[in-house]
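Spelled out from the first residue to the last, the chains are:
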Amino acid sequence: MKKHSLLIFIALFFVQLLHAQDSTAVKADSITFEAQRERVNQLLNDRSRRFGEYDQSLEKKTGVFGLFKTKKDMQKSIDILRQVVLNDNNIFLETRKLLDLKDAQSERYQRLASEYDMQVSAYMKTITKLQNENDKLREELKSMESTDTGNGVLIYLAVIVIIALIILLIYQYNRHKPKKLTE
């Protein structure tokens, strides 16, 4: 019984150890995912800011009496729009990385779930095996106890028979004892 308790303790220890390692990996994955998500959000904020600058540059007219757009105004709007497009490309790249991280994370979770399912199945089989063995040992113990009880009854009867024979012998001895003639 102690052997089984030790095995169960060791198995639980290893499960806790694996769980601690997995939780460390999950924390690292979460930190990486959050950092990537922050980068994407920052790029989106930059895009919004630059697009606002582009809208302002479209309305800006520094030509004759502020009525016309100059070549410089148009070039500034084009440069801002170019920065918006480059920023959009970065957003697409960083979003792809974010999605790749998310896919890797979900694949890892699926793999961990299948590993845990296999471990749980193995533990359930082990527990069932130990329960069956425990039941078998209890049955053997009951049969040994009933055999011991039978042996105890036989010993008790033998002692009673021996005592009865001793009493009978003493009685017979006293009955057939040679009588003294000098009386």
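Structure report, in brief. Keep in mind that this is a model prediction, so the values were computed, not measured.

1. Things to note about the overall build of the protein
Along the protein, the regular secondary structure elements total two helices and zero strands. On the protein, roughly 15400 Å² of surface is accessible, and the fraction owed to carbon and sulfur atoms is 64%.

2. Let's talk about a nonpolar patch on the surface
Taken together, the side chains of Val153, Leu154, Tyr156, Leu157 and Ile160 present a nonpolar region at the surface, about 500 Å² in accessible area. You can see Val153 is positioned in helix α2 (residues 71–175).

3. Quick look at the side chain of Gln36
By secondary structure assignment, the location of Gln36 is in helix α1 (residues 2–59). Not counting chain neighbours up to four residues away, the residues in contact with Gln36 comprise Glu94, Lys97, Leu98 and Leu101.

4. A few points about the packing of aromatic side chains
Taken as a whole, this structure holds one aromatic pair when the rule is applied. Ring centres of Phe51 and Tyr54 lie 5.9 Å apart, and the angle between their planes is 40°; this geometry places the pair in the tilted category. Here Phe51 and its partner Tyr54 are both found in helix α1, three residues apart, which amounts to about one turn of the helix. Over the ring of Phe51 we find Arg47, and its NZ or CZ is 5.6 Å from the ring centre.

5. Some thoughts on the pattern of salt bridges
Summed over all chains, the structure comprises eight salt bridges. For Arg49, the salt bridge goes to Asp46, with nearest N and O atoms at 3.9 Å. On the criterion of helical spacing, the pair formed by Arg49 and Asp46 is a turn pair, its members being three residues apart in helix α1. Salt bridges sharing partners connect three or more residues here, namely Arg39, Glu94 and Lys97.

6. As for the side chain of Ser77
Turning to its location among the elements, Ser77 is positioned in helix α2. Non-local contacts of Ser77, meaning those with residues more than four positions away in its chain, are made with Tyr54, Ser57, Leu58 and Lys69.

Scoring rules and cut-offs
- Residues numbered from 1 in each chain as written.
- Predicted model: local features only at pLDDT ≥ 70, side-chain atom pairs only at ≥ 80, totals over all residues.
- Heavy atoms only, no water.
- Helix = DSSP H or I, 4+ residues; strand = E, 2+ residues; numbered from the N terminus.
- Areas by Shrake-Rupley, 256 points an atom, 1.4 Å probe, with all protein chains shown as cover.
- Patch = residues over 30% accessible without salt bridge, like charges linked within 9 Å, V, L, I, M, F, W, Y side chains within 5 Å.
- Salt bridge = Lys/Arg side-chain N within 4 Å of Asp/Glu carboxyl O.
- Contact = heavy atoms within 4.5 Å.
- Phe/Tyr/Trp six-rings, centres within 6.5 Å; stacked < 30°, edge-to-face > 60°.
- Lys NZ or Arg CZ within 6 Å of the ring centre and 35° of its normal.

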